[in-house]
Each structure stands twice: as C-alpha cells, then as structure tokens.
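Coordinate analysis (summary)
Chain residues, written in single-letter form:
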Amino acid sequence: MKRILFLIILFTFINNFCTAQDDPYLQKVNNLIDYQIKLKEIHPALKNLYPVAVYKDSVFNIYEIDSSKNMYALVKKIPSTRYIIKGIRAAFPLEENNYTTTCVVTEDAFNSDRDYSVIFHEFVHCYQADTYEFEIKSGLAVYLSEIENNNYMWELNYPFPYDDEEINNLYALFIKSIENENLSEAERHHDLLKEKLSASDYQYLCWVEWKEGSARWIENLIRNEFNVDNNIAGKKGKFSRVSFYYGGSNYIKLLNEKYHTADLKELFDLIYN
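We now turn to the structure provided with this report. Everything numeric here is computed off the predicted structure, so don't read it as measured data. (Residues numbered from 1 in each chain as written. Predicted model: local features only at pLDDT ≥ 70, side-chain atom pairs only at ≥ 80, totals over all residues. Heavy atoms only, no water.)

Overview of the overall build of the chain
Under the convention used in this document: Strands here mean DSSP runs of E at least two residues long; helices mean DSSP runs of H or I at least four residues long; both are numbered from the N terminus. Note on exposure labels: buried denotes an accessible area under 20% of the residue type's maximum, exposed denotes more than 50%, and partly exposed covers the range between, all computed with a 1.4 Å probe on protein chains only. Every residue pair with non-hydrogen atoms within 4.5 Å of one another is taken to be in contact. His is not counted here, nor are the chain ends, while Lys and Arg score as positive and Asp and Glu score as negative. By convention, charge coordinates are those of NZ in Lys, CZ in Arg, CG in Asp, or CD in Glu.
On a plain count of helices and strands, the chain comes out with 11 helices and 5 strands. Expressed along its principal axes, the backbone C-alpha trace of the chain runs to roughly 75 × 40 × 30 Å. Across the 273 residues that make up the chain, the buried fraction comes to 46%. In the chain, 60% of the contacts between residues at least 6 apart in sequence involve partners at least 24 apart. Each charge class in the chain was averaged separately, 29 positive and 40 negative side chains, and the resulting centres sit 6 Å apart.

Next up, the structure:
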C-alpha cells in the first residue's frame, strides 16, 4: 500500500513538473499572484484573481486558480472559435471557457510591470462583471435598446456623435477642467453635455467613462506603485470612444478625492447624476 501511494505521489510530481516545463506561460501567469499580494490593498477590485486565457496560433491556454494550492493551473487547452489579433488585452465572457468572464491576452502580455498593470486593468473588468455591471447597465435605456436590436458589440460601435463640433468642444473643455483639477468646473461641463446630448448618447458617455474610466484609474494607481508612466491614451488625437477612457479615469480620480469613495457603484452614480 505504501509502495502504491509512493508511486502515485511520484507520478503526480513528475507530471506536474513536466507540465510546468512544457508550458511556456504557466509561470508568467502565476506571477500575477505575487503582483496581487503587493497590489490588493489599492482597491477592492484587486482582491481577487480571475481566469486568464493566453492565445497563440488559434489555440487558447486557459488558466484558473487552484484554490487548494493558491496557484494558477492550466485547466484547458482548446482551439479558438475566432481569430484574436496580436496584442489583445480584453475581458469578456469567453465561449471557450463556458462563458466565464476571462482575461484574454496574446503571448506577449507578460514582459514588464507595465504589461502586468494592463492585465490587472482587465481584472477590474472581471470584477465589474461579478459585481455592479449588469445592475447598472440594465437600468440604461441605451443598453436595453441596443441589445433588443441584437447589437451585442454596442460598447464598441455605438454611433455617438463624435463629429458634432459643439459636443467635441464641450468635451475638450471638460478634459481641460479635470486636468486643472477643477472638479466644480468639470461637473458644470458634464452637466452641459447632458443638456446637449440625447438621453441615449449621454448614457453611453457615462457608461464608457465609468466602465473603462474606472479600470484605467485603477490601472494608473498600479502604475504609480510600479513607478511606470500613466496610461494617457485618449488625451490627444481625434475625439473618440478612447477619449472617454481618459476623461472618465481623471474624473473618477477627482470624484474619489472629493467624496472619499472607491465604491464603483457610487462612482457611477456620481458620474451619471
């Protein structure tokens, strides 16, 4: 009996060792555990780790936390049902992972502190999905209307009036006020946007400012911890959806400082109302 038990243990050890040796991503994914220990006090959204899917050559390696070992383990290697562009960093209900919200990356996602900060940005989206996301968007007419029209990519392709000169200028003034850390002026410009936009357009604006802005805000808190330059994509260039990432993250920063709340639901209410 002891001999059998010994052989089972030996086989398990050899199998795990070979798996780790053969898997080029397992250790890189497990580095997230060490990062999370250092970062989890920054915000409640960082207190949990989430599934990670690494894509290469039309195959996903899917990793989940083995709670008994407090380590990531490869749970599935499966062909992808779609093409994933190199450099993707995204979180969404992944079909190949039973529609569990999963951080999806390509194999180049683990090279630096900056890269890991982006993965934690995607983990914030996983946290949103587990907590407030459906509660918030189910109360938005823009979401209900787009889903009714089977536009499941509405967050990416909603026809916001980016080419409207008045809206463009108002958002530029909003950005300037938050860069000057003038929250009252920022709130005034945001209220003017609410007056000028349709109800659906304003809801879309607030949704992206919250969803992407809060993830960007937390990402930049992580970057500050790493002494890495902040992510300021959307600050310059043509007015677009990414402008709301920049505007939302900085708006949330000022709202957090004034109202002393890190609760993402409360921060959405402050943006929207």
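Some thoughts on unusual backbone geometry
The backbone of D57 shows a phi angle near 50 degrees, a positive value even though the residue is not glycine. Mapping D57 onto the fold places it in the loop between β1 (52-56) and β2 (59-66). Taking relative accessible area as the criterion, D57 reaches 63% and is therefore assigned exposed. Positive phi values are uncommon outside glycine, yet H260 reaches one of about 55 degrees. On the basis of relative accessibility, which here comes to 69%, the residue H260 falls in the exposed class.

So, the pattern of salt bridges
For the record, the criterion: A pairing counts as a salt bridge when a side-chain nitrogen of Lys or Arg comes within 4 Å of a carboxyl oxygen of Asp or Glu.
Applying the stated criterion across every chain, the model contains 15 salt bridges. The residue E219 makes a salt bridge to R223 at a minimum N-O spacing of 2.8 Å. Taken together, the residues span about one helical turn, with E219 and R223 both in helix α9 (residues 199-226) at a distance of 4 residues. For E219, a relative accessible area of 1% corresponds to the buried category. Overall, the relative accessible area of 6% leaves R223 in the buried class. Each member of the salt-bridge network shares a partner with another, and the members are E133, K137, E155 and K211.

As for the packing of aromatic side chains
As a reminder, the rule being used: When the centres of two rings from Phe, Tyr and Trp lie within 6.5 Å, Trp using its six-membered ring, the rings pair. Their planes under 30 degrees apart give stacked, over 60 give edge-to-face, and anything left gives tilted. Two thresholds decide whether a charge sits over a ring: the Lys NZ or Arg CZ must be within 6 Å of the ring centre and within 35 degrees of the ring normal.
Scanning the model with the defined rule gives 25 aromatic pairs in all. The aromatic ring of Y35 is capped on one face by K38, whose charged end is 6.0 Å from the ring centroid. The lysine or arginine in question, K194, covers the ring of Y272, its NZ or CZ lying 5.8 Å from the ring centre.

Looking at the sheet that holds β2
Note the cut-off: Strand pairing is assigned whenever DSSP identifies at least 2 bridges connecting the two strands. Here an angle of 0 to 180 degrees is reported between the N-to-C directions of two axes, which are lines fitted to C-alpha atoms, with helices fitted over the stretch in contact.
Pairing in this open sheet of 5 strands is mixed, and the strands run β3-β2-β1-β5-β4 from one edge to the other. One side of each edge strand has no neighbouring strand; the edge strands of this open sheet are β3 (71-79) and β4 (89-94). Shown here is a sheet whose adjacent strand axes are inclined to one another by a mean of 30 degrees, direction ignored. Here 4 bridges tie β1 to strand β5 (residues 100-106), and the two strands are oriented parallel to one another. When the bridges of β5 are listed, V52 appears paired with C103.

With respect to helix α3 (residues 113-130)
How we decide: Between the first and last residue of a helix there are one fewer steps than residues, each counted as 1.5 Å, and that sum is the expected span.
Its 18 residues place the ends of α3 25 Å apart at the C-alpha level, agreeing with the 26 Å of an ideal helix rising 1.5 Å per residue. Most of α3 is tucked away: 14 of the 18 residues are buried.

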